[in-house]
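Spelled out from the first residue to the last, the chains are:
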Amino acid sequence: MRVGVITFPGTLDDVDAERAVRYAGGEAVKLWHADHDLKDVDAVIVPGGFSYGDYLRCGAIARFAPVMQEVVDAAKKGMPVLGICNGFQILCEAHLLPGALIRNHKLHFVCRDQWLKVENNSTAWTSRYDQGAEILVPLKSGEGGYQADRSTLDELEGEGRVVFRYVGENPNGSRNDIAGITSANGRVVGLMPHPEHAIDALTGPTDDGLGMFLSLVDSVVKA
Amino acid sequence: MARVVVDVMPKPEILDPQGQAVANALPRLGFDGITSVRQGKHFELEVADDVDDATLAKIAETFLANPVIEDWVVRRVEA
């Protein structure tokens, strides 16, 4: 299966995302921000970094990139899309996911290994995890505070669309300790922590993040 | 040409950590009596005469501000 990984000006984590796809048995396909072309991929990863220098708001300019218009159209037809960190911010700005990410409540850039609880293992990106499992992956962000109005939070909680929740002290002021959420159809997932940095114990704190990419390969093979 | 100002502010119910940090710094600097600070963005646009208010509102709502977390105001000012 072919998994596209987008590179914007200022993207940092595209190489690790491509590596994670290969570890899971997929073919990583480089996608370029300025192209109206998804190169016949089966899924898309919007990786982390500082697209367009985070000017205006994180993700606000990337959202209008030509490739993102293709991603939005494909996601509406059911293509699995994963946004990691800056990618999560971009998916929120693109209205593929509700809410927004703001400056961390204590203003510090947080860079640490973070425990997460898997709250929903029925999405295209989390089926390899046990419901309620706790995983350890890096978190590295300055604007990771998840915000949404009360009715949106109630909808997310009521529909089981909170996918990951921070375990222990809330690192960034996210409402309801939310680390990641999914779309109503469970195909689009966004999270602030970095599963692609935790796919091999040699180079990450754990290999707990690999499950997300294995889950994707499973979901596409089944479909 | 006209000058248009767009002010973007975090919604009242949204935490504003930057504004709070400024507010907390003021007493340390010897400035007393400031009870609250909110930090936002101020845009100045030079706009051709045929750009109407609806277009300006669309620019503010879809790009300059994120209505999930921010309020915005557009006003025309004397250049």
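Reference entry: report on the structure contained in this document. (Residues numbered from 1 in each chain as written. Chains lettered and ligands numbered in written order. Predicted model: local features only at pLDDT ≥ 70, side-chain atom pairs only at ≥ 80, totals over all residues. Heavy atoms only, no water.)

Here we take up the overall build of chain A. From N to C terminus, chain A includes 5 helices and 11 strands. Structurally, chain A occupies a C-alpha span of about 40 × 40 × 35 Å along its principal axes. In chain A, which comprises 223 residues, the share counted as buried stands at 60%. Per element, the accessible surface of chain A, about 8,500 Å² overall, is 50% carbon and sulfur. Taking the average place of the 21 positive charges on the side chains of chain A and the average place of its 30 negative ones, the gap between the two points comes to 2 Å. (Helix = DSSP H or I, 4+ residues; strand = E, 2+ residues; numbered from the N terminus. Buried < 20%, exposed > 50% of the residue type's maximum accessible area, 1.4 Å probe, protein only. Areas by Shrake-Rupley, 256 points an atom, 1.4 Å probe, with all protein chains shown as cover. Lys, Arg positive; Asp, Glu negative; His and termini not counted. Charge placed at Lys NZ, Arg CZ, Asp CG, Glu CD.)

All right, on to the interface of chain B and chain A then. Reports of interface size often rely on the accessible area that becomes lost once the parts have come together. Listed as interface residues are 15 residues of chain B and, on the opposing side, 15 residues of chain A. Between chain B and chain A, a total of about 1,300 Å² is buried, with carbon and sulfur atoms accounting for 67% of that surface. Together, Pro 17, Phe 63 and Asn 66 of chain B form the three largest contributors to the area buried by chain B at its contact with chain A, with a combined 35%. Inspection of the region where chain B meets chain A yields 1 salt bridge. We note a salt bridge from Arg 57 of chain A to Glu 70 of chain B, for which the minimum N-O separation is 3.8 Å. The interface formed by chain B and chain A includes 6 residue pairs in polar contact (both at pLDDT 80 or more). For the side of chain B that touches chain A, the elements supplying multiple residues, two or more each, are helix 1 (17-28), strand 2 (41-47) and helix 2 (53-64) of chain B. (Contact = heavy atoms within 4.5 Å. Buried area = accessible area lost by both parts, 1.4 Å probe. Salt bridge = Lys/Arg side-chain N within 4 Å of Asp/Glu carboxyl O. Polar contact = N/O pair within 3.5 Å; in protein donor to acceptor, adjacent residues only side chain to side chain.)

Here we come to the sheet that holds strand 3 (residues 70-77) of chain B. All names here are of chain B. In space, the 3 strands of this open sheet follow the order 2-1-3, with antiparallel pairing throughout. Two strands lie at the open edges of the sheet, namely strand 2 and strand 3, each paired on one side alone. Within the sheet, the average angular offset between the axes of one strand and its neighbour, ignoring direction, is 20°. Judged from the 8 bridges that link them, strand 1 (residues 2-10) and strand 3 form a sheet pairing that is antiparallel. Paired with Val 6 across the two strands is Val 74, which belongs to strand 3. Along the sheet, helix 2 makes contact with strand 1, strand 2 and strand 3, crossing strand 3 at roughly 145°. (Pairing = 2+ DSSP bridges. Axes fitted to C-alpha atoms, helices over the stretch in contact; angles between N-to-C directions.)

For the rest of this paragraph, the subject is the environment of Glu 157 of chain A. Residue and element names in this part refer to chain A. Its location among the elements puts Glu 157 in helix 4 (residues 150-158). On a C-alpha basis, the gap between Glu 157 and Ile 181 in space is 9.7 Å, while along the polypeptide they are 24 residues apart. Setting aside residues up to four positions removed in sequence, Glu 157 forms contacts with Val 162, Arg 165, Asn 176 and Ile 178. Among the polar contacts made by the side chain of Glu 157, one reaches the side chain of Arg 165 at a distance of 2.9 Å.

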